[in-house]
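Take a look at the letters that make up each chain.
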Amino acid sequence: MTDRLYYEDAYLTEFEAQVLEVRPEEGGWAVRLDRSAFYPTSGGQPYDTGELGGRRILDVYVDASGEVWHRLDGELSAGQKVAGRIDWPRRFDHMQQHAGEHMLAGAVHRLLGGRTIGLHCGADISSIDVDMPEGRTRIDEEEIRMLEDEVNDEIQRDVPIRCWFPGEEELKALPLRKAPSVTSHVRVVAIGEKEYCACGGTHPSSSGQIGLMKVVDVRPSKGKMRMFFLCGKRAYGDYRARMKASDRAAALLSAAVDELPQAVERTLEKLKLAEAEIARVRREAALARIDELMQSARPMGGCKLIKAHLGEADMETLKQMAGKMIEQSGVVVLLAARGEKAENLLFARSPDAPGVMGKLMSESARAHGGKGGGRPDFAQGSAMDPAVLDTAEGLLRAQMG
């Protein structure tokens, strides 16, 4: 069995080992060593990267028998002595995230009664899934602040982090947050006096090295609560990015950063008023064209056809225009206008005019990547192409025979 050197020293970045076995594997070669400092993917923590015998590490994993395998981008030889070098920035980042996760999970358990059931340490952000009392899937801002304060107080105290394999009697006496997932060779991580948990991951030697923990999102996930968080340099990087964005936004709005919410609210209110005014002007301009459109109506099958694209107009404007036009006898109206994401469509006819507008809308809109429907005399919908009006005219002529 491979001697896992990171159990004794998570800060070990270089080591020597002997290759015990080599086998081809998709995308490279798999190597088993007599000893290794590379952490294999497990417990929600990703594998270490780096170099082994001059070859690049592509993956590190544990097989069904518990052996550690290193997938490389080149071949080594069984019996060969090799040197390994850990990608330290990646390792230390994972150490910060994993230890911060323990502290956050412990705080959730102590303060809110939540039980952590999963960890995912991603490339940019980490998350834990929590089974909360009474099936809760969210917590409020005050509870998030309470958790952050609890964890960051312990980080600032720089409490010791100890990782070891206790004996059977010692293990029974430890106040573990949850039962171990294995029954033998149990490794425990203790962070100060508040957090004890079985874990095989890598961690710093004291909480101060985590630097900072920040919860960035909490949302429901598969009936549980998922908490997204950042630790260490990730948290600092997030703070830097948010500060840059807020400074830029404040400059654009000629406001101080702490006045941003009010400045944004004022700007949105002005925008809302401006959009309402633009919509009013467009509606009036469109309605003013009714007489012009009526005069341009073309005879078709004993009725008068009005087919027009109105530029930009909302559906309410199309309804008002069509409603006015079909007050006259024998009128069929096919209208389109640019909407936010597609062409708005409104088909209507006078009570004595031919055509089934709902069916006409459904068939013509569908032919141009849209949808719609309605009554025999009045229908609305949308399509991705203004050529839908030509299609609708052709279908209408077919309906009329």
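Source: prediction; values computed, not measured.

*Asks:* Lay out the overall build of the protein in plain terms, naming residues and giving numbers.
*Replies:* Within the protein, the regular secondary structure consists of nine helices and 21 strands. The C-alpha atoms of the protein give 34 Å as radius of gyration, which overshoots the globular expectation for 401 residues (21 Å, by more than 25%). Taken along its principal axes, the extent of the C-alpha atoms in the protein is 95 × 55 × 45 Å. In the protein, which comprises 401 residues, the share counted as buried stands at 44%. Sequence separation of 24 or more characterises 60% of the internal contacts of the protein that already satisfy a separation of 6 or more. As displayed, the protein has an accessible area near 20800 Å², and 50% of this comes from carbon and sulfur atoms. Taking the 54 positively charged and 62 negatively charged side chains of the protein as two groups, their mean positions are separated by 5 Å.

*Asks:* If you had to explain the nonpolar core to someone new, which residues and values would you point to?
*Replies:* If you look at the biggest cluster of nonpolar residues, it comprises 28 residues, and the most contacted ones within it are Leu104, Ile139, Leu147, Met213 and Met227. With six residues, the single largest contributor to this core is helix 1 (residues 88-112). Once residues lying within four places of it in the same chain are set aside, the contact partners of Met227 are Leu104, Val108, Ser126, Ser127, Ile128, Val130, Ile139, Leu147, Val215, Asp217 and Val218. One finds Ala286, Met315, Met325 and Ala337 within the second-largest nonpolar core, a separate group that totals 21 residues.

*Asks:* Tell me about the sheet that holds strand 5 (residues 50-52), residues and numbers included.
*Replies:* Pairing is antiparallel around the closed barrel formed by six strands, whose spatial order is 2-3-7-6-5-8. Mean inter-strand twist for the sheet, computed between neighbouring axes without regard to direction, equals 45°. With three bridges joining them, strand 5 and strand 8 (residues 81-86) adopt antiparallel strand pairing. Within strand 8, the position partnered with Glu51 by the bridge is Arg85.

*Asks:* I'd like to hear about helix 9 (residues 388-400), residue by residue, with values.
*Replies:* Note that an α-helix has 3.6 residues per turn; residues three or four places apart therefore point the same way. If you check helix 9, its first and last C-alpha atoms are 18 Å apart, about what 13 residues at 1.5 Å a residue would give, namely 18 Å. Residues of helix 9 that are buried sit in contact with strand 16 (298-300), strand 17 (303-312), strand 18 (331-338), strand 19 (343-349), helix 8 (357-366) and strand 21 (378-383).

*Asks:* Lay out the pairing of strand 9 (residues 115-121) in plain terms, naming residues and giving numbers.
*Replies:* Pairing analysis gives six bridges linking strand 9 to strand 10 (residues 126-131), with the strands arranged antiparallel. Within strand 10, the position partnered with Thr116 by the bridge is Val130.

*Asks:* Provide a residue-level description of the sheet that holds strand 12 (residues 188-191), including the pertinent values.
*Replies:* The strand order 11-12-13 describes an open sheet built from three strands, whose pairing is antiparallel. Sheet topology places strand 11 (161-164) and strand 13 (195-198) at the edges, where each strand pairs with a single neighbour. Adjacent strand axes in the sheet meet at a mean angle of 15°, parallel and antiparallel pairs treated alike. Bridge count for strand 12 against strand 13 is four bridges, and the pairing is antiparallel. Bridge pairing in strand 13 links Val188 to Ala198.

Criteria and thresholds
- Residues numbered from 1 in each chain as written.
- Predicted model: local features only at pLDDT ≥ 70, side-chain atom pairs only at ≥ 80, totals over all residues.
- Heavy atoms only, no water.
- Helix = DSSP H or I, 4+ residues; strand = E, 2+ residues; numbered from the N terminus.
- Rg over C-alpha atoms; globule rule 2.2 N^0.38 Å.
- Buried < 20%, exposed > 50% of the residue type's maximum accessible area, 1.4 Å probe, protein only.
- Contact = heavy atoms within 4.5 Å.
- Areas by Shrake-Rupley, 256 points an atom, 1.4 Å probe, with all protein chains shown as cover.
- Lys, Arg positive; Asp, Glu negative; His and termini not counted.
- Charge placed at Lys NZ, Arg CZ, Asp CG, Glu CD.
- Core = buried A, V, L, I, M, F, W, Y, C linked by side-chain atoms within 4.5 Å.
- Pairing = 2+ DSSP bridges.
- Axes fitted to C-alpha atoms, helices over the stretch in contact; angles between N-to-C directions.
- Expected span 1.5 Å × (residues − 1).

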